[in-house]
There are 2 protein chains.
Amino acid sequence: MKRRSFLKGAAVAGVSATAVASTFPKPALSQNKRKWRMVTTWPKNLPGLGTGAQYFADMVTKCSDGRLTIQLHASGEIVPAFESIDAVKAGTVEMGHGAPYYWKGKAPASQFVSNFPFGLTAQEYNGWYHFGGGAALCDEVYEPLGCKFLVCGNTGVQHPGWSTKEVNTLEDFKGLKMRMPGIGAEVMRRLGATVVNLPGSEVSAALAAGTIDWVEWNNPYGEASMGFWRHAKYYYTPGWHECGTVLETFINRSAWDGLEDDLKAIVEACAFATNDVMLSEFQARSGPILQQFVTQHGVKIRRLSDDQLAKIGEVVGEVITELVADDPMSKKVFDNMNKYRAEQIAYSSTTEEDFFRARSLDYKWPKP
Amino acid sequence: MKRRSFLKGAAVAGVSATAVASTFPKPALSQNKRKWRMVTTWPKNLPGLGTGAQYFADMVTKCSDGRLTIQLHASGEIVPAFESIDAVKAGTVEMGHGAPYYWKGKAPASQFVSNFPFGLTAQEYNGWYHFGGGAALCDEVYEPLGCKFLVCGNTGVQHPGWSTKEVNTLEDFKGLKMRMPGIGAEVMRRLGATVVNLPGSEVSAALAAGTIDWVEWNNPYGEASMGFWRHAKYYYTPGWHECGTVLETFINRSAWDGLEDDLKAIVEACAFATNDVMLSEFQARSGPILQQFVTQHGVKIRRLSDDQLAKIGEVVGEVITELVADDPMSKKVFDNMNKYRAEQIAYSSTTEEDFFRARSLDYKWPKP
């Protein structure tokens, strides 16, 4: 029986709600409601990131029956994207949804909370977060940011980018004008590329004008509307630079501490559900879009060579070594993740990795 | 502020709860509570499966603040494991936690709801469930079972088993006495193995006695306490037979339909959170245990050869073709999954699969 129709029926019959134990009505307590604002670092309903954040907000509202209503605000509506965490810390808004590495200027270790190049897959990272000591370490990183951290989404392994020209050797990186952020950018700079930063709105024009030769974004579902294929026909793999980028919700610490235990549990369950659902959306929807790129837009998929990747891996190691030497909290988080990573490389090589190998062999299979 | 201490404080001060809007107390409505029983097909707190089911039950109870308390019952406590779904259908208990393929005798398509050999990884399956039409198809399969279906856990890629002898060629499967269930068992039978079914409690003794040569179970975390390594030193990869086995909660349809919308949302969010958390537990905890197998117990990891795997893949295809020819609902589910699988093979080969390749190259890396 729907609650609304029950209450209506009860009113007609003149029966007080508490007298009807078997149908469990809930009293209407209009004062028993919180409205929280969640700023995001994404445009509203941006495929994957924006839609995932909306799912999270809506699920909390539904699960709490409106006792905790979360109103999502796109980047720029209340504060610019990169000021989101300041607004949450100050209590201007109660919470946010973003990517941890955006806060590296305030808490360098947050770029490891995001995962790191040549790091963990989404599945491995989730293991670290839930059962490898990750959750407590993430909260420790976010303490000076005045926030409670919860993992709340993942992109999976991304693509390293679209190029206007083929790059087959290490030499080919030299002089390449690339749009790529983060640790990946520093690695490419050391390999001779010229790295520029551009907002998404200017990337296609820059490719067309030859101002840049290469653009990194995320994955087919997130790139479908960008039209990079118009100017850059080579789509490279694999996403060594972002191998399972973590998304997050960050909640003003006092607001979090003031929540009743059931609402805390709801926020946590919905964050972890979003972790499952957002990755699912990237995964499911990128499949057919990748096919369209190839069959309809003449995109050529190219793998970085093993020579290129091994050198990139080594430079990633050097950059990380420098980063953790500069910041004790970064060292603490990375050391923990790096030990876990070694165990996971061994385990994943006997499971997911080895299964992919088997599945891609040549055998007769029912035609789809 | 904790609710309990607030209520205590309010009573001392003589302040009525509803008068203090800013701290949002909730009235104690003892009649506003449901207690549901959840039967599981697992022993209590069995690593991974049992602990995951317990997490799910506890999270629903916490999120609903006890309005929906879920009491977990181990297999055999109320009904034997394989009668769980009958007990739920009959309304003896409200819900269950298990593995879909257990119900193939009642609804053959449930073995595809579980995923299938050479099928989808956990991450791919979740994409299918949430964004590929999977959720609606699963509910259609469970309609004659009188249940609402929700995905609620995953093992990830399993290991195909422990062997007392090396098997390097297709010929080596002939006469091998194997403990393996499901579609995998039928495939091995067609390749000449003698397949037996044994409960977990008898497997180690059977290995020791030579009654069986090979045992399939799940993965290192789930096998740690079984001690198979005492009698079988060869641990094979990859888990072609169970490449991301799905766990589920199934809920009596009338009980589900009678839930208020917020409790439905809570059960759903907690099921999806469990989907994230259970896989995380298998992933995180199997890593170090696999290392212990090798370093402390002398276990030798062996890969099935490409020849063996390609032939196995072909026989899997034949068995599936027969299964779907016999049952229209199986055909409907498999056809949908198989189309999605083809897209995912292309996408995963450019992402997760290609990243594993890169990460396993030889490069200098900060020592863990």
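What counts, and at which threshold
Residues numbered from 1 in each chain as written. Chains lettered and ligands numbered in written order. Predicted model: local features only at pLDDT ≥ 70, side-chain atom pairs only at ≥ 80, totals over all residues. Pairing = 2+ DSSP bridges. Helix = DSSP H or I, 4+ residues; strand = E, 2+ residues; numbered from the N terminus. Buried ≥ 20, exposed ≤ 12 C-beta atoms within 10 Å, placed from the backbone. Least-squares fit on C-alpha atoms with pLDDT ≥ 70 in both. Domains from an automatic or database assignment. Contact = placed C-beta atoms within 7 Å. Core = buried A, V, L, I, M, F, W, Y, C linked by C-beta atoms within 7 Å. Axes fitted to C-alpha atoms, helices over the stretch in contact; angles between N-to-C directions.

1. Focus: the sheet that holds strand 8 (residues 214-215) of chain B
Okay, step 1: Here 6 strands make up an open sheet; going across it, the order is 7-6-8-5-9-11 (chain B) and the pairing mixed. Two strands close off the open sheet at either side, each with one partner strand: strand 7 (194-196) and strand 11 (300-303) of chain B.

2. Examining helix 5 (residues 122-131) of chain B
Residues and elements named next belong to chain B.
Okay, step 1: When you tally the buried positions in helix 5, you get 9 out of 10 residues, the bulk of the element.
Okay, step 2: All buried positions along helix 5 are accounted for by Ala 122, Gln 123, Glu 124, Tyr 125, Asn 126, Gly 127, Trp 128, Tyr 129 and His 130.
Okay, step 3: In the stretch just after helix 5, Gly 133 is the one whose phi turns positive, near 90 degrees.

3. Looking at the relation of the copies chain B and chain A
One chain copy maps onto the other through a rotation about an axis and a shift parallel to that axis.
Okay, step 1: Between the two copies, chain B and chain A, the superposition gives an RMSD of 0.0 Å; the rotation angle is 180 degrees and the shift along the axis is 0.0 Å. The two molecules are tied by a two-fold rotation axis, judged by turn and shift. No C-alpha of chain B lies nearer the rotation axis than that of Ala273(B), which sits 2.1 Å from it.

4. As for the domain arrangement of chain A
Residue and element names in this part refer to chain A.
Okay, step 1: Domain boundaries assigned for chain A yield domain 1 (31-106 + 116-155 + 244-283) and domain 2 (161-243 + 293-345).
Okay, step 2: Each of domain 1 and domain 2 has a C-alpha centre, and these two points are 26 Å apart.
Okay, step 3: On the domain 2 side, the residues contacting the 19 residues of domain 1 number 23 residues.
Okay, step 4: Secondary structure elements with two or more residues in the side of domain 1 that touches domain 2: helix 5 (122-131) and helix 6 (134-142).

5. Comments concerning the nonpolar core
Okay, step 1: Of all hydrophobic cores here, the largest spans 204 residues; its most connected members are Ala269(A), Cys270(A), Ala269(B) and Cys270(B).
Okay, step 2: Apart from the residues within four sequence positions on either side, Cys270(B) is in contact with Ala269(A), Phe56(B), Met59(B), Val60(B) and Cys63(B).

6. So, the sheet that holds strand 2 (residues 68-73) of chain A
All names here are of chain A.
Okay, step 1: Strand order across the open sheet formed by 5 strands is 2-1-3-10-4, with mixed pairing between neighbours. Two strands bound the open sheet, and with one partner strand each, they are strand 2 and strand 4 (147-154). When the angles between neighbouring strand axes are averaged without regard to direction, this sheet yields 25 degrees.
Okay, step 2: The sheet strands contacting helix 6 are strand 4 and strand 10 (246-252), and the helix crosses strand 4 at an angle near 125 degrees.
Okay, step 3: Its contacts with the sheet place helix 11 (residues 261-297) against strand 2, strand 4 and strand 10, and it is angled at close to 30 degrees to strand 4.

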